[in-house]
Amino acid sequence: MPGALVLFLALVAAAWVASPAAATSSRLNPIRPKDRFRPRIVGKPQVGVTLRATRGIWTARPVVYKYRWHRCPAGRAKCRWIAKATRSRYTASSRDIGTTLWVTVKARNAAGWGRAASRRTRVVLASRVVQPVPPEVTSYPTVSGTAQEGQTLTAGLGTWSGTQPINYAYQWQRCQSSGANCAPIAGATATTYTLTAADVGSRVEVSVTASNMGGSATASSPPTPVVVPASVPPALVALWHMDETSGSTMFDSVGSHTGTLHSTQTGLAGFTGTAYGFNGSSSYISVPSSADLNPGSANITFTIHLKTAGTPPPPPADWDIFRKGLYTSGGAEWKMEFQQTGQASCGFEGTGGYAELVAGPAINDGHWHTISCVKTSTMIQVVVDGQTFSKAATIGSISNTTNVAIGARPGSDWYQGQLDEASVQIG
């Protein structure tokens, strides 16, 4: 019997421990956290360095942690709280120099708080003094712009290494045509420089001086090409105001290129003054050929003002506005035409070939518009009310003995509308 009684009591005790009531009783009596491994401070105690406090390792599963950093003056046992230093990280400041730091961590669960403290750091040192690195050029300054009298050059800084901040100063220099013996240009210390007559025949470069706390260094750009004189503006070789109100003659106000009107209406309200009207079937103006109306290999710009609400027939037909020469008879021409799209077009044929450009907005809206056709050595352009459209082209030399025609390709492609202020510039 004693053995059976002992077995019975053991079974009862085991059942009580395993019962929900027993578990509930255990949860009602939790244990406050207790540190098993104290917190540590990670990082070098030096001004400007951010130190990090670990939580340590705790029993009883804390759910909240709080931190408090302390400053301990040298030779004193008592440490003081650091105001607002209540996070896990702390950046040492100049006030900490010569002191030690330590951190306390409080951990809490349902039973209450536990507290643990780290070891003190070594003495906090001042921040490391870094010697500034003087500037050094890594890519040299540059100069952009056209080396021509009256043009503005712009300095490129290049790139520099060294301790920041770095300040930069500019000095433009004039050099011999060989690029040697450069000398400062008085007052030229901005990032831009406008070339003058004194620079013609010389080269120009820019020197950049970089300076910081560690020192300074100077580097210069490669010199520009030899500066050339200002370009000569194109010559106005013909200007027809179209202000005649009677007769059949169109007078040239700058030269002797007098034209003859054919079925053309005069005295209409114009872009400036009066204008001519073209009926779309028989109206045109003829100007006798002249050598100075041929550009040769020079640039040419011819301009006219037009007003129309009409629409030309579809290609290959169109309305001719302004031309000299025919593609089919002599192999050289310059011309301005009006397409069914309502756009202007410019075409050129020379010793280098033919190129044409149709561009710009539709302008058959019944308002005045200004159209220019331009040929240079490398491109052709259509300019509509100041807006430029370009196409690369090498036309070569243009020269023919054909009369200038305005308002038609004689016998076809008749323009319908008004025209005013036609001009030709060459050069």
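Residues numbered from 1 in each chain as written. Predicted model: local features only at pLDDT ≥ 70, side-chain atom pairs only at ≥ 80, totals over all residues. Heavy atoms only, no water.

1. Comments concerning the overall build of the protein chain
Heads up, the rule is: We count a stretch as a helix when DSSP gives it H or I for four or more residues in a row; a strand needs E for two or more, and each element gets its number in order from the N terminus. In what follows, a contact means two residues having at least one pair of non-hydrogen atoms within 4.5 Å. Residue exposure ignores everything except the shown protein chains as possible cover, and the areas themselves are Shrake-Rupley values with a 1.4 Å probe.
When helices and strands are tallied, the protein chain shows 2 helices and 34 strands. With respect to the three principal axes, the spread of C-alpha positions in the protein chain is 150 × 70 × 40 Å. In the protein chain, the share of contacts with a sequence separation of at least 24, taken over all contacts with a separation of at least 6, comes to 61%. Accessible surface for the protein chain amounts to roughly 22400 Å². Of this, 55% is attributable to carbon and sulfur atoms.

2. Comments concerning the state of the cysteines
Put simply, the test is: Cysteine sulfurs are considered disulfide-paired once they come within 2.5 Å of each other. Type-normalised accessible area, obtained with a 1.4 Å probe on protein chains alone, sets the label of each residue: buried when under 20%, exposed when over 50%, and partly exposed for intermediate values.
Taken as a whole and judged by the stated rule, the model has 3 disulfides. Shown here is the disulfide that connects Cys72 with Cys79, its sulfur atoms set 1.9 Å apart. Sign of the S-S torsion, about 110 degrees for the bond between Cys72 and Cys79, identifies this disulfide as right-handed. Classification of Cys72 as buried rests on a relative accessible area of 1%.

3. Comments concerning the sheet that holds strand β20 (residues 249-250)
How we decide: DSSP calls a pair of strands paired once it identifies at least 2 bridges connecting them.
Here 8 strands make up an open sheet; going across it, the order is β20-β21-β24-β33-β26-β27-β28-β29 and the pairing antiparallel. Edge positions in the sheet fall to β20 and β29 (353-359), since each of these pairs with one other strand and no more. Of the pairings in the sheet, the one linking strand β26 (residues 319-324) to strand β33 (residues 404-406) comprises 3 bridges and is antiparallel in character. When the sheet's bridge partners are listed, Lys324 is paired in β33 with Val404.

4. Structural notes on unusual backbone geometry
Following Gln164, the chain continues into Pro165 via a peptide bond in cis, with omega recorded as 0 degrees. Tracing the backbone shows Pro165 in the loop between β13 (159-161) and β14 (167-175). In the segment running from Pro315 into Pro316, the intervening peptide bond is cis, with an omega of 10 degrees. If you check the backbone angles, Ala60 has positive phi at about 65 degrees while not being a glycine.

5. Topic: the pattern of salt bridges
To keep things clear, this is the line we draw: What makes a salt bridge here is a side-chain nitrogen of Lys or Arg within 4 Å of a carboxyl oxygen of Asp or Glu, nothing more.
Applying the stated criterion across every chain yields a total of 7 salt bridges. Residue Arg323 is joined to Asp320 by a salt bridge in which the shortest nitrogen-to-oxygen separation is 2.5 Å. Taken as a pair, Arg323 and Asp320 share a single burial class, namely buried. Linking Glu333 and Arg323 is a salt bridge whose minimum nitrogen-to-oxygen distance equals 2.8 Å. Of this pair, Glu333 sits in strand β27 (residues 333-338) while Arg323 sits in strand β26, and the two are 10 residues apart along the sequence. With respect to burial, Glu333 and Arg323 carry one shared label: buried.

6. Things to note about the packing of aromatic side chains
Basically, it comes down to this: The aromatic pairing rule takes the rings of Phe, Tyr and Trp, using the six-membered ring of Trp, and pairs them if the centres are within 6.5 Å, calling planes under 30 degrees apart stacked, those over 60 edge-to-face and the rest tilted. In this scheme, the term charge over a ring applies when either NZ of a lysine or CZ of an arginine sits within 6 Å of the ring centre and within 35 degrees of the ring normal.
Counted under the stated rule, the structure contains 14 aromatic pairs. Taken together, a centroid distance of 5.3 Å and an interplanar angle of 70 degrees make the contact between Tyr327 and Tyr354 edge-to-face. Of this pair, Tyr327 sits in the loop between β26 and β27 while Tyr354 sits in strand β29, placing them 27 residues apart in sequence. Residue class for Tyr354 comes out partly exposed when judged on its relative accessible area of 34%. In textbook terms, an aromatic cluster arises when at least three aromatic residues are bridged by ring pairs, as seen for Trp240, Phe302, Phe322, Trp334 and Phe348. When the ring centre of Trp81 is taken as origin, the NZ or CZ atom of Arg68, which lies over that ring, is 4.0 Å away. Positioned above the aromatic ring of Trp113, the side-chain terminus of Lys106 is 4.9 Å from the ring centre.

7. So, the sheet that holds strand β11 (residues 142-144)
As a reminder, the rule being used: Every axis in this analysis is a line fitted to C-alpha atoms, fitted for helices over the stretch in contact. Angles between the N-to-C directions lie between 0 and 180 degrees.
In space, the 3 strands of this open sheet follow the order β11-β12-β16, with antiparallel pairing throughout. The strands lining the two open edges of the sheet, one partner per strand, are β11 and β16 (192-194). Between one strand and the next, the sheet's axes are offset by a mean angle of 25 degrees, whatever the strand orientation. Note that β11 and strand β12 (residues 152-156) share 3 bridges and pair antiparallel. Across the sheet, Thr142 pairs through a bridge with Gly156, a residue of β12.

8. Let's talk about the environment of Val424
Within the fold, Val424 resides in strand β34 (residues 416-426). The sequence separation of Val424 and Pro234 amounts to 190 residues, and the corresponding C-alpha distance is 9.6 Å. Setting aside residues up to four positions removed in sequence, Val424 forms contacts with Ala235, Leu236, Val237, Ala238, Trp240, Leu293, Ile300, Thr301, Phe302, Phe322 and Trp334.

9. Things to note about the side chain of Ser202
Inspection of the secondary structure assignment puts Ser202 in the loop between β16 and β17 (203-212). The class of Ser202 is buried, set by a relative accessible area of 14%. Look past the residues within four positions of Ser202 in its chain and what remains in contact with it is Arg174, Cys175, Pro225, Val226 and Val227.

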